[in-house]
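# Examining the three-dimensional arrangement
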Amino acid sequence: MFEYAPAPESRDVVDIKPSYGLFIGGEFADGTGTSLKTVNPASEEVLAEVAVASADDVDRAVRAAREAFGTWSAMPGSERAKYLFRIARIIQERSRELAVLETLDNGKPIRESRDVDLPLVAAHFFYYAGWADKLRHAGYGADPRPLGVAGQVIPWNFPLLMLAWKIAPALAAGNTVVLKPAETTPLTALLFAEICRQADLPPGVVNIVTGAGETGAALVNHPGVDKVAFTGSTEVGRLIARSVAGTGKKVTLELGGKAANIVFDDAALDQAVEGIVNGIFFNQGHVCCAGSRLLVQESIAEELLDALKRRLGTLRLGDPLDKNTDIGAINSAAQLAKIRELSDLGEAEGAERWSPVCPLPDKGFWFPPTIFTGVAQSHRIAREEVFGPVLSVLTFRTPAEAVEKANNTPFGLSAGVWTEKGSRILWMADRLRAGVVWANTFNKFDPTSPFGGYKESGYGREGGRHGLEAYLDV
């Protein structure tokens, strides 16, 4: 195999400030709380110091959103659409800058930030801009009304994309927003605040408060918030569900997953291998719907695993800003410790661990792509969300056994089916308890399609016409 010459993306397109405040009422302001440092996970370099919003800061942001709500909600949908279209175009114009910043703050390969995340971010704003003046045709009544102030808490795995998933439908429906990005990846949200100013979005329509768990709790529990939207861990989702119970707040939760990627003996082998790699090693496995459980039909298990291992040997791990990199850095030291803990438990429970020869950089947070075979359904690596580049392999003999094993999980976010038989795909999809079932592909997203799960993967849908419902009083 030939070697790739380094092809680093330039950092010069990004101007990272030494420190950042909060974005409230259309202006950047100092917080009354402490601050935190956000670091580049590939090098452990401190990128910036970011304000931690106190409860008083959150209150200021909610009051600013409430004040802006009257004007924004009364604005004709065609006028709101103009702002969303403008934001979408600015995102496209500044996409290189946003992609580099996302990679620096998150650790994901620039190729993914540039070619996957940013086009989808812009597409979501374009899509919901189109809905802003057509809400009465969305199927939620003749005169659907916005809820008010939406409190939104997003994770660190797709910081800008999750922002778009939350903010675009909320604004299209006439709501105003207070958003809290993850504490390890706040920088693209703060750059988005600059984009809101560049687009002349009315002050207070979008407010961004940075911080950790206490800031998020203050936002979720604020009595002035009418709608809570959260994407993150199931544990935090449970806490949110308990805290808002009985308050009258509308809630959507998009939580964890342990998706089954099911390969039948008639599947196109090379295509399935690419789908498996994309399903679990895309974004270092930091994907809630990652295909972290491979269910392969017993008769082709050995052949498929041999092909998969050969393919993993060609993946390039290293500098996320290098355009040739396939596997970037783990987002944080805490997440790396969790991946290591569950992987060590996998070995202790009797599964066989394999990784390709993969030198790891001296600095930063890194974990090689890893496969576990000999996995039992009772193993923790087969039941718990690792949220890293770790694949558990199980086998099955019949379609009924595949369904039984796939559904043997407390989660229900996604699944994949690989077979040449369309009838089998439909049969499987009808029986799999998953919000999204991909056929002969994996991790494909479109702003026109709803996304969400069952069981401990949360409730509510984001994306598509269905994503508007969460932000309308219906």
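Described in the following lines is the structure provided in the data block. All of these numbers come straight from a predicted model, not from anything done at the bench.

### Considerations on the nonpolar core
Formed by 115 residues in total, the largest nonpolar core has its most connected members in Ile91, Phe125, Phe192, Val263 and Leu308. The biggest single contributor to this core is helix α5 (residues 159-172), with eleven residues. Other than its neighbours up to four places away in sequence, Phe125 contacts Leu84, Ile87, Ala88, Ile91, Leu163, Ala164, Ile167, Ala168 and Phe192. By size, the runner-up hydrophobic cluster in this structure holds 28 residues, among which are Leu342, Phe365, Ile425 and Ala434.

### Let's talk about the packing of helix α1 (residues 55-74) against helix α7 (residues 213-220)
Axis separation between α1 and α7 bottoms out at 9 Å; the angle between their running directions is 40°. Our classification of the angle between α1 and α7 gives oblique. Regarding α1 and α7, the two cross each other, and that crossing is right-handed. Contacts between α1 and α7 pair Ala55, Val58 and Val62 from the former with Thr215, Ala218 and Leu219 from the latter. When grouped by side-chain class, the residues that make up the contact of α1 with α7 number five nonpolar, one polar and no charged.

### Structural notes on the sheet that holds strand β5 (residues 45-51)
Taking strand neighbours across the sheet as the criterion, the three strands line up as β1-β5-β4 in an open arrangement whose pairing is mixed. For this open sheet the edge positions go to β1 (19-20) and β4 (35-40), each flanked by a neighbour on one side alone. Here two bridges tie β1 to β5, and the two strands are oriented parallel to one another. Residue Tyr20 lies in a different strand from β5, and its bridge partner there is Val50. Relative to β4, helix α3 (residues 95-106) is tilted by about 105°, and along the sheet it contacts β4 and β5. Seen against the sheet, helix α6 (residues 187-198) touches β1, β4 and β5 and runs at an angle of roughly 55° to β5.

### Re the sheet that holds strand β12 (residues 293-297)
A sheet is described by the order of its strands in space; here seven strands give the open sequence β13-β14-β15-β12-β11-β17-β18, paired in mixed fashion. At either end of the open sheet lies a strand with only one pairing partner, and these are β13 (352-354) and β18 (436-439). Going from strand to strand, the sheet's axes swing by 20° on average, the running direction of each strand aside. Bridge analysis of strand β14 (residues 370-373) against strand β15 (residues 390-396) gives three bridges, and the strand direction is parallel. The residue bridging Phe372 from the neighbouring strand is Ser392, located in β15. Contacts from helix α10 (residues 301-312) reach β11 (260-263), β12, β13, β14 and β15, with the element oriented near 135° to β12.

### Looking at the environment of Lys227
With respect to the secondary-structure elements, Lys227 resides in strand β9 (residues 227-231). Residues Lys227 and Phe387, 160 residues apart in the sequence, show an inter-C-alpha distance of 27 Å. Those residues in contact with Lys227, other than ones at most four positions away along the chain, are Leu147, Val149, Ala150, Gly151, Lys250, Val251, Thr252, Ala470 and Tyr471. Here the side chain of Lys227 touches Thr252 through a polar contact of 2.5 Å, side chain to side chain.

### Observations concerning the pattern of salt bridges
Summed over the entire model, instances satisfying the criterion amount to 28 salt bridges. The residue Arg197 makes a salt bridge to Glu27 at a minimum N-O spacing of 3.7 Å. Linking Arg197 in helix α6 with Glu27 in strand β3 (residues 27-29), this pair joins segments that are 170 residues apart in sequence. For Arg114, the salt bridge identified is with Asp115, shortest N-O distance 2.7 Å. Residue class for Arg114 comes out partly exposed when judged on its relative accessible area of 34%. Accessibility expressed as a relative area gives 43% for Asp115, which makes it partly exposed. Salt bridges here are not isolated pairs; linked through shared partners, they connect Lys17, Arg94, Glu97 and Glu194.

### Remarks on the pairing of strand β17 (residues 414-418)
For β17, the tally of buried residues reaches five of five residues, placing the bulk of the element in the interior. Both faces of β17 are covered, namely the face carrying Ser414, Gly416 and Trp418 and the face carrying Ala415 and Val417. Across four bridges, the pairing between β11 and β17 is parallel. Looking across to β17, one finds that Asn261 is bridged to Gly416. For β17 and β18, the ladder comprises four bridges, and the chain directions are parallel. Opposite Gly416, over in β18, you have Trp438 as the bridge partner.

### What about the environment of Val228?
Here Val228 shows up in strand β9. Other than its neighbours up to four places away in sequence, Val228 contacts Gly151, Val220, Ile240, Val244, Lys249, Lys250, Val251 and Thr252.

### Let's talk about the packing of helix α2 (residues 77-93) against helix α4 (residues 110-131)
If you want to describe how two helices pack, look at the angle between their axes and the distance between the axes. The N-to-C vectors of α2 and α4 enclose an angle of 165°; their axes lie 8 Å apart at closest approach. By the angle between their directions, the pair α2 and α4 is classed as roughly antiparallel. Our pair here, α2 against α4, has a crossing hand that is left-handed. On α4, the residues touching Ala81, Leu84, Phe85, Ile87, Ala88, Arg89, Ile91 and Gln92 of α2 are Leu118, Val121, Ala122, Phe125, Phe126, Tyr128, Ala129 and Gly130. Its residues assigned to classes, the contact of α2 with α4 comprises 13 nonpolar, two polar and one charged.

### Notes on the side chain of Thr252
Mapping Thr252 onto the fold places it in strand β10 (residues 250-254). Beyond its immediate sequence surroundings of up to four residues, Thr252 is in contact with Lys227, Val228, Ala229, Phe230, Tyr459, Gly460 and Ala470.

### Some points on the packing of aromatic side chains
We describe a pair of aromatic rings using the distance from one ring centre to the other and the angle between the two ring planes. What the rule picks out here adds up to 13 aromatic pairs. Relative to Phe28, the ring of Phe23 has its centre 5.1 Å away and its plane inclined at 50°; by these criteria the two rings are tilted. Ring geometry for Trp72 versus Tyr83: centroids 5.7 Å apart, planes at 55°, classification tilted. Separated by eleven residues along the polypeptide, Trp72 in helix α1 and Tyr83 in helix α2 bring together distant segments of the chain. The class of Trp72 is buried, set by a relative accessible area of 1%. The cationic tip of Arg66 hangs over the ring face of Phe69; the distance from NZ or CZ to the ring centre is 6.0 Å. Arg316 extends its terminal NZ or CZ atom over the ring of Tyr4, reaching a point 3.9 Å from the ring centre.

Scoring rules and cut-offs
Residues numbered from 1 in each chain as written. Predicted model: local features only at pLDDT ≥ 70, side-chain atom pairs only at ≥ 80, totals over all residues. Heavy atoms only, no water. Core = buried A, V, L, I, M, F, W, Y, C linked by side-chain atoms within 4.5 Å. Buried < 20%, exposed > 50% of the residue type's maximum accessible area, 1.4 Å probe, protein only. Helix = DSSP H or I, 4+ residues; strand = E, 2+ residues; numbered from the N terminus. Contact = heavy atoms within 4.5 Å. Axes fitted to C-alpha atoms, helices over the stretch in contact; angles between N-to-C directions. Parallel < 35°, antiparallel > 145°, perpendicular 65-115°, else oblique. Left-handed = near helix turned anticlockwise from the far one by under 90°. Nonpolar A, V, L, I, M, F, W, Y, C, P; charged D, E, K, R; others polar. Pairing = 2+ DSSP bridges. Polar contact = N/O pair within 3.5 Å; in protein donor to acceptor, adjacent residues only side chain to side chain. Salt bridge = Lys/Arg side-chain N within 4 Å of Asp/Glu carboxyl O. Phe/Tyr/Trp six-rings, centres within 6.5 Å; stacked < 30°, edge-to-face > 60°. Lys NZ or Arg CZ within 6 Å of the ring centre and 35° of its normal.

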